[in-house]
Amino acid sequence: MEAWQCPEGYWLDTARSFADSPIWSEQEQKEVAVLRKCERELVGAIVTHAFWSEVDGPERPDARSKLKHALGSEDGEGQEAA
């Protein structure tokens, strides 16, 4: 992204300027593309998993929230046995 300036009073009381964003190398761009592809594949696998058909509609948001935090603690607290 090119450098830009925020005039005084626009967002803040003082003017600010921002330098050019660093340009990603070809290698970095390839790595990000691979990671984004992997992310899309994983999201698809999670969202379409058969498990969600077993959870009643009103209970799905809570189940998804619990899933997000299932591995949140280092000691494994909150995890259920497989």
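Cut-offs used in this document
Residues numbered from 1 in each chain as written. Predicted model: local features only at pLDDT ≥ 70, side-chain atom pairs only at ≥ 80, totals over all residues. Heavy atoms only, no water. Helix = DSSP H or I, 4+ residues; strand = E, 2+ residues; numbered from the N terminus. Areas by Shrake-Rupley, 256 points an atom, 1.4 Å probe, with all protein chains shown as cover. Patch = residues over 30% accessible without salt bridge, like charges linked within 9 Å, V, L, I, M, F, W, Y side chains within 5 Å. Salt bridge = Lys/Arg side-chain N within 4 Å of Asp/Glu carboxyl O. Phe/Tyr/Trp six-rings, centres within 6.5 Å; stacked < 30°, edge-to-face > 60°. Buried < 20%, exposed > 50% of the residue type's maximum accessible area, 1.4 Å probe, protein only. pLDDT = per-residue confidence, 0-100.

Asker: Describe the overall build of the protein, listing the residues and the values that go with them.
Answerer: Each helix and strand in the protein was counted, giving 3 helices and 2 strands. Going from the N terminus to the C terminus, the protein shows its helices and strands as β-β-α-α-α. Summing over all exposed atoms, the protein offers an accessible surface of approximately 7900 Å²; the carbon and sulfur share of this is 55%.

Asker: I'd like a rundown of a nonpolar patch on the surface, residues and numbers included.
Answerer: A cluster of nonpolar side chains, namely Leu 42, Val 43, Ile 46, Val 47 and Leu 67, defines an oily patch on the protein surface of about 460 Å² accessible area. It is helix α1 (residues 26-47) that provides the largest number of residues to the nonpolar patch, a total of 4 residues. Relative to the elements of secondary structure, Val 47 occurs in helix α1.

Asker: Give a description of the packing of aromatic side chains that names residues and reports values.
Answerer: Under the defined criterion, the tally for this structure stands at 1 aromatic pair. Aromatic side chains Phe 51 and Trp 52 sit 4.9 Å apart centroid to centroid with 75° between the ring planes, which places their arrangement in the edge-to-face category. Residue class for Phe 51 comes out partly exposed when judged on its relative accessible area of 40%. Residue Trp 52 is classed as buried on the basis of its relative accessible area, which comes to 6%.

Asker: Before we move on, can you summarise the confidence of the model for the protein with the specific residues and values?
Answerer: In the predicted model, the protein carries a mean pLDDT of 81, and 83% of its residues have values of at least 70. Of all the helices and strands in the protein, strand β1 (residues 4-6) carries the lowest mean pLDDT, 76, while α1 carries the highest, 94.

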